[in-house]
Amino acid sequence: MSFKTIGVIGAGQMGQGIAQVFATAGYQVILNDIDGAAIDRGIATVKFSLQKLAEKEKLTEQPAVIIERIQGSTDFSMLAKADMVVEAATESEPLKHKIFAQLDKICPPETILASNTSSISITRLAAVTQRPEKVIGLHFMNPVPLMKLIEVIKGLQTSEATYQSVLVLADQMNKIAVTSADRPGFIVNRILMPMINEAIFTLYEGVAKAEEIDQAMQFGAAHPMGPLALADLIGLDTCLSIMQVLYSGFSDSKYRPCPLLMQMVDAGFTGRKSGRGFYQY
């Protein structure tokens, strides 16, 4: 299947980054969000990001040419024009089910529906549509324009044709695609989130301060960023959601979310996006 137009649902940190990489690869992009102000902020962020990349001579086109390919819209029905829609909404399974059911009604039968979910079952998302063979996981890493990896997740019903089409897209975006079975957390978050959760337990139990935990992993394990700073970047609410998916999906106590993580989310301390997490921003 050939693609010309890509829909992206959600103009937050992930959605705007996904829109940027598709536009940079030459695709027309419809960036959809229920909040028009969020779309404006997202496109402004993309412009800033493209300018920075241009200054470093990492673009083959002028930023203005790329940004022209992104059309913002609060009209959900506009997504019917897309050859593929990538959902990058909040990590909530009921919300994603609602979005996929709506997309299934408005998009032509041949349109591929993808989710940027970091942990939710693609098989269950596909089951709310009448095109389960055309539903797939396309999990980008944050920050999307800089991180090379995409996890491609095949649901139980995903067809080989859908899978191969997505691999071509990943290659055209100059991304490295790794394929995961549809299991809780997929590859990256099944490994990464328990480590972050353990770092939070280390803080919770008073073993060391946040800065010391991060320094230990940066300078002792060669991590580019400490696990607590990384949690703030990802969003503590997202970390908690993924840990809850792992805990319920495997019924294994090793995935139990740290009480401190739950408490911080309850307080609204979700990391960089709220201005406060394990650090203040």
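Residues numbered from 1 in each chain as written. Predicted model: local features only at pLDDT ≥ 70, side-chain atom pairs only at ≥ 80, totals over all residues. Heavy atoms only, no water.

1. Here we look at the packing of helix 10 (residues 236-250) against helix 11 (residues 259-267)
- Two elements in contact, helix 10 and helix 11, have axes whose closest approach is 9 Å; the angle formed by their N-to-C orientations is 135°. Here helix 11 runs oblique to helix 10, going by the angle between their axes. Here the hand of the crossing between helix 10 and helix 11 comes out left-handed. Contacts from Leu236, Asp237, Cys239 and Leu240 of helix 10 reach helix 11 at Leu261, Met262, Met264 and Val265.
- The residue inventory of the contact of helix 10 with helix 11, partitioned by class, reads seven nonpolar, no polar and one charged. (Axes fitted to C-alpha atoms, helices over the stretch in contact; angles between N-to-C directions. Helix = DSSP H or I, 4+ residues; strand = E, 2+ residues; numbered from the N terminus. Parallel < 35°, antiparallel > 145°, perpendicular 65-115°, else oblique. Left-handed = near helix turned anticlockwise from the far one by under 90°. Contact = heavy atoms within 4.5 Å. Nonpolar A, V, L, I, M, F, W, Y, C, P; charged D, E, K, R; others polar.)

2. Quick notes on helix 2 (residues 36-55)
- For helix 2, spanning 20 residues, the distance from its first C-alpha to its last is 29 Å, which sits close to the expected 28 Å at 1.5 Å a residue.
- When we look at burial in helix 2, the residues that qualify are Ala38, Ile39, Gly42, Ile43, Val46, Ser49, Leu50 and Leu53. Relative to the axis of helix 2, the buried residues are bounded by an arc of 130° and lie together on one face. Exposed side chains of helix 2 directed beyond 90 degrees from the buried face belong to Asp40, Arg41, Phe48 and Glu55.
- Buried residues belonging to helix 2 abut helix 1 (13-24), strand 2 (28-32), helix 3 (63-67) and strand 3 (70-73).
- Remark: glutamate 57 follows helix 2 within two positions and exhibits a positive phi of approximately 60°. (Expected span 1.5 Å × (residues − 1). Buried < 20%, exposed > 50% of the residue type's maximum accessible area, 1.4 Å probe, protein only. Arc of directions from axis to C-beta.)

3. Remarks on the pattern of salt bridges
- Overall, the coordinates contain seven salt bridges when judged by the stated rule.
- A salt bridge links arginine 131 to aspartate 104; its shortest N-O distance comes to 2.7 Å. With arginine 131 in the loop between helix 5 (122-127) and strand 6 (135-140) and aspartate 104 in helix 4 (residues 93-106), this residue pair connects regions lying 27 residues apart in the sequence. You'll find arginine 131 and aspartate 104 in the same group, each marked buried.
- Note that lysine 154 and glutamate 160 form a salt bridge whose closest N and O atoms lie 3.5 Å from each other.
- Via salt bridges that share partners, Glu87, Glu91 and Lys96 belong to a single interconnected network. (Salt bridge = Lys/Arg side-chain N within 4 Å of Asp/Glu carboxyl O.)

4. Here's the deal with the packing of aromatic side chains
- Going through the model one piece at a time under the given rule, you end up with four aromatic pairs.
- Seen in terms of ring centroids, phenylalanine 22 and phenylalanine 140 are 6.2 Å apart; in terms of plane orientation they differ by 70°. Their pairing is edge-to-face. Here phenylalanine 22 is found in helix 1, whereas its partner phenylalanine 140 is found in strand 6, with 118 residues between them in sequence.
- We classify phenylalanine 22 as buried; its relative accessible area is 0%. (Phe/Tyr/Trp six-rings, centres within 6.5 Å; stacked < 30°, edge-to-face > 60°.)

5. What about unusual backbone geometry?
- Residue proline 143 follows asparagine 142 across a cis peptide bond; omega there is 0°.
- If you trace the backbone, proline 143 turns up in the loop between strand 6 and strand 7 (149-154).
- At asparagine 174, a position not held by glycine, the phi torsion is positive, near 60°.
- In this fold, asparagine 174 is placed in the loop between helix 6 (160-172) and strand 8 (176-181).
- According to the relative accessible area criterion, asparagine 174 is exposed, its value standing at 55%.

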